[in-house]
Amino acid sequence: MDIIVVSKERGRTWRFHLHPRNVLGWLPLATLVALICVLCGTIGYMARGDGEVLPSGLVAAWAKEATAQREEISQTRVSAGENARALARRIAELQAHVLRLDAAGQRLTQIAGLDKGEFNFNAPPPVGGPEELVPGQEPVLGDVLTSLDSFEKQLTDRERQMRVLEDLLLASRLQQKVRPSGWPIADGWISSTFGTRTDPFTGRYANHYGIDFAARNGSDVLSVATGIVTDAGERSGYGILVEINHGNGYVTRYGHNQKALVRVGDKVNKGQRIALMGSTGRSTGPHVHFEVLFNGALVNPEQYIQASH
């Protein structure tokens, strides 16, 4: 058998004479080449999978990992949102505590009569000075929440202490208002003291259970403490009397008035006008007979009239 190969470009021909013995010699080589081609094609096809560029197992693994990461990101977003809302609630609670403390501080400043410029609760406290950052100490959310818990407890304790202090100051201020102190007249002089004296009507020694304050007729008689009027009228020996109960066992009396300016049941404040000075009852001239009773017993008013000086 002859095989003729013709080249159109060069215009040449080649003739190959195939003898049966030559064909049998090339057959093993041709078979081996064909097997290699088939094997390579099979391996390539298997490597490609179902027509994909990458193996299906690898693609599935990547897809699973991507899904897991998306779920983790979603959970992180939800957790971050919850933490942000919880943090906002805690901050709102702390702001409420601070507002109550500011209000309590302002009340205490007013009650105690402190300088507003020295204790200004509407401005942050003045602080300063050089600072150096601590390396490796960046705060994290857990540390912030723990600090907020501790700060909230401190605010609650401070608020409770401020309330107690406010109650104490109010009680102290009330005690100062209801405890007799000062003179029952604005201007004048002491004409007779507490104790034994010569009675101006009999000339004998007698006990005088008050202090007499003299001034011009019609002068104002003042209450020496806050209280409730329990008597306002004529009483034997006192003339026109005004009696005031101040609580805590204290009662004061103002005798020989020309006219009472208050009635029984009236609330009077310290320094309020309660009567006009006169000389009614057992009296030798315009003055106010001032008495102090403590737990029902007459006591020397001297310590009370000097308490404001």
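Not measured: the values here are computed from a predicted model.

Conventions used here
Residues numbered from 1 in each chain as written. Predicted model: local features only at pLDDT ≥ 70, side-chain atom pairs only at ≥ 80, totals over all residues. Heavy atoms only, no water. Helix = DSSP H or I, 4+ residues; strand = E, 2+ residues; numbered from the N terminus. Contact = heavy atoms within 4.5 Å. Salt bridge = Lys/Arg side-chain N within 4 Å of Asp/Glu carboxyl O. Buried < 20%, exposed > 50% of the residue type's maximum accessible area, 1.4 Å probe, protein only. pLDDT = per-residue confidence, 0-100. Phe/Tyr/Trp six-rings, centres within 6.5 Å; stacked < 30°, edge-to-face > 60°. Pairing = 2+ DSSP bridges. Core = buried A, V, L, I, M, F, W, Y, C linked by side-chain atoms within 4.5 Å.

### Re the environment of Trp189
Within the element layout of this structure, Trp189 appears in strand S3 (residues 189-192). Spatially, the C-alpha atom of Trp189 lies 5.6 Å from that of Phe213, the residues being 24 residues apart in sequence. Apart from residues no more than four positions distant in its own chain, Trp189 is found in contact with Trp183, Asp212, Phe213 and Ala214.

### Some points on the pattern of salt bridges
Under the defined criterion, the tally for this structure stands at seven salt bridges. Note that Asp212 is salt-bridged to Arg197, the shortest N-O span being 3.4 Å. Of this pair, Asp212 sits in strand S6 (residues 211-214) while Arg197 is found in strand S4 (residues 195-198), placing the two residues 15 residues apart along the sequence. On the basis of relative accessible area, Asp212 is assigned to the buried category, the value being 6%. For Arg253, the salt bridge is made with Glu243, and the minimal N-O distance between the two is 2.8 Å. Here the residue Arg253 occupies a position in strand S10 (residues 250-260), and Glu243 occupies one in strand S9 (residues 239-247), the gap between them amounting to ten residues. By the burial criterion, Arg253 is buried, and Glu243 matches it. One salt-bridge network, held together by shared partners, links Asp231, Arg235, Glu243, Arg253 and Glu291.

### Quick word on the side chain of Ser223
With respect to the helices and strands, the residue Ser223 is situated in the loop between strand S7 (220-222) and strand S8 (227-235). Judged by its relative accessible area of 2%, Ser223 is buried. Those residues in contact with Ser223 that lie beyond four places of it in its chain are Ile244, His246, Tyr254, Val268, Asn269, Lys270, Gly271, Gln272 and Ile274.

### Some thoughts on the confidence of the model for the protein chain
Residues at a pLDDT of 70 or more form 65% of the protein chain, whose mean pLDDT is 78. In the model of the protein chain, strand S1 (residues 2-7) stands out as the element of lowest mean pLDDT, 61, in contrast to strand S12 (residues 273-277), which has the highest, 97.

### Brief notes about the packing of aromatic side chains
Summed over the entire model, instances satisfying the criterion amount to six aromatic pairs. When the centroid spacing of 6.3 Å and the interplanar angle of 65 degrees are considered together, the rings of Phe194 and Tyr209 count as edge-to-face. With a gap of 15 residues between them, Phe194 in the loop between S3 and S4 and Tyr209 in the loop between strand S5 (205-208) and S6 connect regions that are remote in the sequence. The partly exposed category is assigned to Tyr209, whose relative accessible area is 39%. Note on Tyr250 and Phe294: the rings are 4.7 Å apart at their centroids and 45 degrees apart in plane angle, and the pair reads as tilted. Within this pair, whereas Tyr250 is found in strand S10, its partner Phe294 is found in strand S13 (residues 287-294), the two being separated by 44 residues in sequence. Take Tyr250: its relative accessible area is 10%, and that puts it in the buried class. Each member of the aromatic cluster is reached from another via a ring pair, and the members are Trp183, Phe213, Tyr254 and Phe290.

### A look at the pairing of S12
Within S12, four of the five residues are buried, leaving the element largely enclosed by the surrounding structure. As paired elements, S10 and S12 share three bridges and run antiparallel to each other. Bridge assignment links Asn257 to a residue of S12, and that residue is Met277.

### Brief notes about the side chain of Thr252
Here Thr252 shows up in strand S10. Beyond its immediate chain neighbours, meaning those up to four positions away, Thr252 contacts Pro180, Val224, Val242, Glu243, Ile244, His246, Phe290, Glu291 and Val292.

### Observations concerning the nonpolar core
Formed by 22 residues in total, the largest nonpolar core has its most connected members in Tyr254 and Ile274. Counting residues per element, the ones that place at least two in this core are S6, S9, S10, S12, S13 and helix H4 (302-305).

### Regarding unusual backbone geometry
In this structure, Asn248 is a non-glycine residue whose phi angle is positive, near 55 degrees. Following the sequence through the fold, Asn248 ends up in the loop between S9 and S10.

### Notes on the pairing of S10
Extensive coverage of S10 is indicated by the burial of eight of its eleven residues. Judged from the six bridges that link them, S9 and S10 form a sheet pairing that is antiparallel. The residue bridging Ile240 from the neighbouring strand is Asn257, located in S10. Here S9 hands over to S10 after two residues, with Asn248 in that stretch at a positive phi of 55 degrees. When S10 meets S13, the two strands line up antiparallel, connected through six bridges. Residue pairing for S13: Arg253 is matched across the bridge by Glu291.

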